[in-house]
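Next come the chains, spelled out residue by residue.
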Amino acid sequence: LPGSDGPEAAMVLEGTWSTGKATGNWGDGAPRTRVPTKFETVRVVPSASEPDASRKMLEDADLGKYLERTSVKAKETYIDLKHISEEMRAHQGESGAYYILTKMEDDSIPFLLD
């Protein structure tokens, strides 16, 4: 969180992304920009700058078991694409929350993804 001190970590949700269509799970007339998604795994990843402190924080918070990919039982959901380009994607989830995702070079991601 901005302004907070101490180790950092990130949560990574992984799953499938299907082709959007005007009919299907969300009824006739659903926007063609509606994309079905289903989360399949979750994991937490330590900070690249302080991996040992980050792992300790996660272990102390009883989240160490999520350092490895863990299956999740999540219902299929969707996102409504608002903008997509080479640089970014903006979408709104089924919950109504908006997300802005920007593309980063692999060497600039501040967390250990491998």
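Look a little higher up for the structure.
Q: How would you sum up unusual backbone geometry? Please name residues and give values.
A: Its identity is not glycine, yet aspartate 62 carries a phi of approximately 60°, on the positive side. Residue classification places aspartate 62 among the exposed residues on the basis of a relative accessible area of 57%.

Q: Explain the pairing of strand 5 (residues 88–93) residue by residue, including any values.
A: Pairing analysis gives 5 bridges linking strand 4 (residues 77–84) to strand 5, with the strands arranged antiparallel. Bridging from a neighbouring strand, aspartate 80 pairs with glutamine 92 of strand 5. From the end of strand 4 to the start of strand 5, which pair antiparallel, there are 3 residues. Inspection of the sheet shows strand 5 paired to strand 6 (residues 98–102) by 5 bridges, in the antiparallel sense. Pairing of glutamine 92 across the sheet is with tyrosine 98, part of strand 6. The loop that links strand 5 with its antiparallel partner strand 6 comprises 4 residues; one of these, glycine 96, has a positive phi angle of about 100°.

Q: Talk me through the environment of valine 72; I want residue IDs and the actual numbers.
A: Structurally, the position occupied by valine 72 is in the loop between strand 3 (70–71) and strand 4. C-alpha of valine 72 to C-alpha of glutamate 40: the two residues are 32 residues apart in sequence and 5.5 Å apart in space. Sequence-distant contacts of valine 72, that is, excluding residues within four places in its chain, are made with Phe39, Glu40, Thr41 and Val42.

Conventions adopted
Residues numbered from 1 in each chain as written. Predicted model: local features only at pLDDT ≥ 70, side-chain atom pairs only at ≥ 80, totals over all residues. Heavy atoms only, no water. Buried < 20%, exposed > 50% of the residue type's maximum accessible area, 1.4 Å probe, protein only. Pairing = 2+ DSSP bridges. Helix = DSSP H or I, 4+ residues; strand = E, 2+ residues; numbered from the N terminus. Contact = heavy atoms within 4.5 Å.

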